[in-house]
Amino acid sequence: MPVNYATPAADQLLPVAGVRLGVAEAEIRKKNRRDLTLVALDGGCTVAGVFTQNRFCAAPVQLCRNHLATGKEIRALVINTGIANAGTGEPGRQTAQASCEAVAALLGIAADQVLPFSTGVILEPLPVDRLKAGLPAAKADLKADNWHAAAHAIMTTDTVAKAASRRITVGGKTITVSGISKGAGMIKPNMATMLGFVATDAGIAQSLLDKLVKEAADASFNCITVDGDTSTNDSFVMIATGQSGAAFASEADAGWDEVRAAIVAVAVELAQAIVRDGEGATKFITIAVQGGKTIEECRQVGYAIGHSPLVKTAFFASDPNLGRILAAVGYAGIADLDVDDVKVWLDDVLVAENGGRATAYQEAEGARVMAQAEITVRVDLGRGNAQASVFTCDFSYDYVKINADYRS
């Protein structure tokens, strides 16, 4: 079960004017499961995205980048689960293109106005004929209030669907933000088999949206790790329909800070839900690193701790074997780090300072914190004013079982 997370009810997920979603059972890889999602966008939307930096990026990622680069208005998204269409070479690019062409024919738009997304097993060909056959049912299901169904239809090893909504009022205009994400394993996004989609009815100029999608990714999906594996298919897309009547052309516009905060909050909630549902996770861990010279080195230390199998298995066992955390800080790659200046806490319990165990530390206190479902590891590097947080989970026996059986 995910750590302190449940999918919001369907009526808690707010429709975004200008966005309709439809799902279908296309039998992409398995029968009797929703595995195809179609998203139709009204004219006038702006769309931006960031994608995996994995050099083996999937065919749909390549096509998404190309279609966004044309500058044409994006009118649809097509998402399949089950098969990632990654490591499939030129045939994979052709099937991704065929997916876009099928959606375009169905909706009366151009193929390069469609963004394709796939997630699932790598190195397997996408059965594009099944995808095409499922599209009419997905089109017939298009509804503005279908976020709940879409959140379920993009799942792979997820145990729960991930979704979030916010509604704010700015300058007398009501603005809605809704989003969905999927991911549970192969999670260490490096955005420039995690998928995230966020839409708002605010009007946001293209240049501003391009900047916001990167900022939101850095504050959310680029702060999480389950196992340190950067997927071939990571994609985060942001849509602004403009149908609320509120429009933003620059960061100086009145109300922009509130809109930006609402959108980032949705992205953070979706990203943290992925970690809470990490494959086999029993604990949600925040690694807060402060006192760094730069944000980058704080995040570097956070990821060193969050990636460590020894740290993660200690958390699973509720074992305060905290030398593992110190070791991760030490090998994080900060060449001039003075370990005598480093302090480490578990929640409010000081466990290390002056290069070793804190004088007042009692292992019983460490064990008490380690037994909690939610834990904060706080590290002060003692060398500056920068700070950053990374969110991760523990490693349990089930992580191995889930990944050993992934293709079954």
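Here, the structure is the one placed above.
The paragraphs below set out a description of the structure included in this document. (Residues numbered from 1 in each chain as written. Predicted model: local features only at pLDDT ≥ 70, side-chain atom pairs only at ≥ 80, totals over all residues. Heavy atoms only, no water.)

1. A word on the state of the cysteines
Structurally, a disulfide amounts to a covalent bond that connects the sulfur atoms of two cysteines. Short version of the rule: In what follows, a disulfide is any cysteine sulfur pair within 2.5 Å. For the exposure calls, accessible area comes from a 1.4 Å probe over protein chains only, and a residue counts as buried if that area is under 20% of its type's maximum, exposed if over 50%, partly exposed in between.
Scanning all chains against the criterion turns up zero disulfides. For C100, which is in no disulfide, the shortest distance to another cysteine sulfur is to C64 and amounts to 7.2 Å. By relative accessible area, C100 is classed as buried at 0%. For C393, which is in no disulfide, the shortest distance to another cysteine sulfur is to C223 and amounts to 15 Å. For C393, a relative accessible area of 0% gives the class buried.

2. Side note on the pairing of strand β5 (residues 114–121)
Definition in use: Runs of H or I in DSSP of at least four residues are treated as helices and runs of E of at least two as strands, each being numbered from the N terminus. Pairing between strands requires that DSSP locate at least two bridges from one strand to the other.
Most of β5 sits out of view: eight of its eight residues are buried. The sheet contact formed by strand β4 (residues 76–83) and β5 spans eight bridges and is parallel. From the neighbouring strand, I79 faces β5, where its bridge partner is F117.

3. Some points on the nonpolar core
Convention followed: To qualify as a nonpolar core, a set must consist of buried Ala, Val, Leu, Ile, Met, Phe, Trp, Tyr and Cys residues joined through side-chain atoms within 4.5 Å.
Counting residues in each nonpolar core, the largest one holds 43 residues, and the members touching the most others are I204, F221, F236, M238, F248, V259 and I263. Elements represented by at least two residues in this core include exactly β3 (46–51), β6 (162–170), β7 (173–182), α5 (206–219), β10 (235–240), α6 (256–276) and β17 (386–393). The element contributing the most residues to this core is α6, with 11 residues. Judged by nonpolar contacts, the second largest core, of 36 residues, contains L21, L115, W147 and M155.

4. Concerning the environment of G242
We count it as follows: Residue contacts are defined here by distance: any two heavy atoms, one from each residue, within 4.5 Å place the two residues in contact.
Secondary-structure assignment places G242 in the loop between β10 and β11 (247–248). Here G242 falls in the partly exposed class, since its relative accessible area comes to 28%. Separated by 41 residues in sequence, G242 and D201 place their C-alpha atoms 5.0 Å apart. Ignoring anything within four residues of it in the chain, the contact list for G242 reads T200, D201, A202 and G203.

5. Quick look at the pairing of β6
Here β6 runs beside β7; their pairing, made up of nine bridges, is antiparallel. Looking across to β7, one finds that A163 is bridged to I180.

6. Describing the environment of V259
Take V259: it is sitting in helix α6. Here V259 falls in the buried class, since its relative accessible area comes to 1%. Apart from the residues within four sequence positions on either side, V259 is in contact with I168, V170, I175, A202 and F248.

7. A look at the side chain of T119
To keep it simple, the criterion reads: What qualifies as a polar contact is a pair of N or O atoms within 3.5 Å, subject to a donor-acceptor requirement within protein and to the restriction that residues adjacent in sequence count only when both atoms come from side chains.
With respect to the helices and strands, the residue T119 is situated in strand β5. A distance of 3.0 Å separates a polar atom in the side chain of T119 from a polar atom in the side chain of K182.

8. Points about the packing of aromatic side chains
Filter applied, for reference: When two rings of Phe, Tyr or Trp (its six-membered ring) have centres within 6.5 Å they constitute a pair, described as stacked for plane angles under 30 degrees, edge-to-face for angles over 60, and tilted for the intermediate range. In this analysis the charged atom, NZ for Lys or CZ for Arg, is taken to sit over a ring once it is within 6 Å of the ring centre and within 35 degrees of the ring normal.
Overall, the coordinates contain five aromatic pairs when judged by the stated rule. Summarising the aromatic geometry, the rings of F221 and F236 are spaced 4.9 Å apart at their centres and angled 55 degrees between planes, so their arrangement reads as tilted. Within this pair, whereas F221 is found in the loop between α5 and β10, its partner F236 is found in strand β10, the two being separated by 15 residues in sequence. Of the residues examined, F236 reaches a relative accessible area of 0% and is grouped as buried. Plain terms: the ring middles of F248 and W256 are 5.6 Å apart, the flat faces sit at 50 degrees to each other, and that makes the pair tilted. The burial state of F248 is the same as that of W256; both residues are buried. Its guanidinium or amino end placed over the ring of W345, R378 lies 3.8 Å from that ring's centre, counting from NZ or CZ.

9. Observations regarding the pattern of salt bridges
If charged atoms from side chains of opposite charge come close, those side chains can pair. Using the following cut-off: By convention in these notes, a salt bridge is any Lys or Arg side-chain nitrogen within 4 Å of a carboxyl oxygen on Asp or Glu.
Counted under the stated rule, the structure contains 15 salt bridges. Among the ionic pairs, R93 bridges to E90, the shortest N-O distance being 3.0 Å. Placement of both R93 and E90 in helix α2 (residues 89–107) is noted, with a separation of three residues, approximately one turn of the helix. Here R93 falls in the partly exposed class, since its relative accessible area comes to 34%. Ionic contacts of the salt-bridge type, sharing partners, join the residues K211, E215, E251 and R260 into one network.

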